[in-house]
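Commentary on secondary and tertiary structure
So you can see what is in the structure, the chains are spelled out below.
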Amino acid sequence: MQVTKTVEETRKLIKNWKMEGKTIGLVPTMGFLHEGHASLIKKCREENNIVVVSDFVNPTQFGPTEDLEAYPRDFAHDSALCESLGTDLIFNPEPENMYIDPYTYVNIDVLSDTLCGKSRPIHFKGVCTVVSKLFNIVSPDKAYFGQKDAQQLAIVRKMVQDLNFDIQIVGCPIVREEDGLAKSSRNTYLSPKERQAALCLSKAVKKGQEVICEGAMAEEVLDEMCGVIKEEPLAKIDYVSMVDALTMQPVEKVEKDVLVAMAVYIGKTRLIDNFSFQM
């Protein structure tokens, strides 16, 4: 396994692999890898000759009051995990290798004004910018994203379509702890008491899945889910919403494929979870 820090050395390796006719898979991450990331890397390993993992805490997707400096980092752990899963290259740049101020942004107004985009207004501009840069640096045939970040996945797919990237976007299922909590790097922020409280998210998901399968309207589904979360004293709801799976716009009736998503603060830690329902 190789590790690169600069765009130039990364492109040189990619160019050589492509000249050999090898297919390239990319798993973009912000590091502090867990089993959810591992599932993406494993899927990438199955489908490509070369596996590239980017390990970069992207500053442009953090707001001024968000946890950029506190965001967990452990490159030694990340490197060991990647090597154990057969990764060929980790691209681990410093911010100054990726951004020269002032720099160009990539932004998508559609799909990004609801859910996490409403409460984190610059977030998806930063995501689209760094992902587009990674696509241009690595030139992958396929790129792998987790469905836990469902709005991000929808936005990346839209960006790839609109900007004519010749890349297949592969969405991979949410990976959960044994007790149901969705895997997240931010779970490490939780105290033992908060970790237990965080189970209200997966309990709300389960409740929502039950009532939507019974034919409930959107308002009833969301009320039931909010009720579960509000039973937990340490939980504070950012949003619980049902949106069209393609447009990310709110719906009142379940007449097409929908995404039911939430963001909840457990103490100071903001966690997300979701489920999809297909007609």
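Read on for an overview of the structure. As the structure is a computational prediction, the values presented were derived from the model and not from experiment.

Moving on: the nonpolar core. One recurring pattern in soluble globular proteins is that nonpolar side chains are buried together. Counting residues in hydrophobic clusters, the biggest one holds 46 residues, and the most contacted among them are V52, M98, V131, F135, F145, M159 and I169. Beyond its immediate chain neighbours, meaning those up to four positions away, V131 contacts F145, V156 and M159.

Attention now goes to the packing of helix α1 (residues 7–19) against helix α6 (residues 123–138). Where α1 meets α6, the closest approach of the two axes is 8 Å, and the angle between their N-to-C directions is 50°. One finds that α1 runs oblique with respect to α6. Residues V7, T10, R11, I14 and K18 of α1 pack against N136, I137 and V138 of α6.

Tallying each qualifying case throughout the model produces 15 salt bridges. Linking E20 and K22 is a salt bridge whose minimum nitrogen-to-oxygen distance equals 3.2 Å. What makes E20 exposed here is its relative accessible area of 52%. For K22, a relative accessible area of 32% gives the class partly exposed. Taking the shortest distance from any N to any O, the salt bridge between K142 and E47 comes out at 3.4 Å. Taken together, the positions of K142 in strand β5 (residues 142–146) and E47 in helix α2 (residues 35–47) put the pair 95 residues apart, joining distant regions of the chain. Look at the salt bridges and you will find they share partners, linking E35, E177 and K183 into a network.

Turning our attention to the packing of aromatic side chains. Going through the model one piece at a time under the given rule, you end up with five aromatic pairs. With a centroid separation of 6.4 Å and 35° between ring planes, the pair formed by F56 and Y99 is classed as tilted. Of this pair, F56 sits in the loop between β3 (50–55) and α3 (75–84) while Y99 sits in the loop between α4 (95–98) and α5 (116–119), and the two are 43 residues apart along the sequence. Here the two residues F56 and Y99 agree in accessibility, since each one is buried. Taken together, a centroid distance of 4.8 Å and an interplanar angle of 45° make the contact between Y99 and Y103 tilted. Y99 sits in the buried class, given a relative accessible area of 10%. Exposure remark for Y103: the relative accessible area of 31% places this residue in the partly exposed category. One Lys or Arg, K125, reaches over the ring of Y105 and ends 4.3 Å from the middle of that ring.

The buried count for strand β9 (residues 269–277) comes to seven of nine residues, which makes it a mostly enclosed element. In terms of strand pairing, strand β8 (residues 258–266) meets β9 through nine bridges, oriented antiparallel. Along β9, the bridge assignment pairs L259 with S276. Two successive antiparallel strands, β8 and β9, enclose a turn made up of two residues, where G267 displays a positive phi of approximately 65°.

Cut-offs used in this document
- Every chain is numbered on its own, with residues counted from 1 as its sequence reads.
- In keeping with the model being predicted, local features are shown solely for residues with a pLDDT of at least 70 and side-chain atom pairs are shown and tallied solely at 80 or more, while totals for entire chains, interfaces and linings include all residues.
- Calculated side-chain values reflect all of the structure's heavy atoms, with hydrogen atoms and water omitted.
- By nonpolar core is meant a set of buried Ala, Val, Leu, Ile, Met, Phe, Trp, Tyr and Cys residues that side-chain atoms within 4.5 Å join together.
- Working definition: with a 1.4 Å probe on protein chains only, accessible area under 20% of the residue-type maximum means buried, over 50% means exposed, and in between means partly exposed.
- We call two residues in contact when some of their heavy atoms are within 4.5 Å.
- Think of each axis as a best-fit line through the C-alpha atoms, taken over the contacting stretch in the case of a helix, with angles from 0 to 180 degrees between the N-to-C directions.
- Secondary structure is summarised from DSSP: a helix means a run of H or I of at least four residues, a strand means a run of E of at least two, and numbering begins at the N terminus for each.
- Just so you know how the angles are binned, under 35 degrees is roughly parallel, over 145 roughly antiparallel, 65 to 115 roughly perpendicular, and the rest oblique.
- One side-chain nitrogen of Lys or Arg within 4 Å of one carboxyl oxygen of Asp or Glu is enough to make a salt bridge.
- The rule is short: rings of Phe, Tyr and Trp, with Trp giving its six-membered ring, pair when the centres are within 6.5 Å, and they are stacked under 30 degrees, edge-to-face over 60, tilted in between.
- Whether a charge sits over a ring depends on NZ of Lys or CZ of Arg being within 6 Å of the ring centre and within 35 degrees of the ring normal.
- Here, any two strands with at least 2 DSSP bridges between them count as paired.

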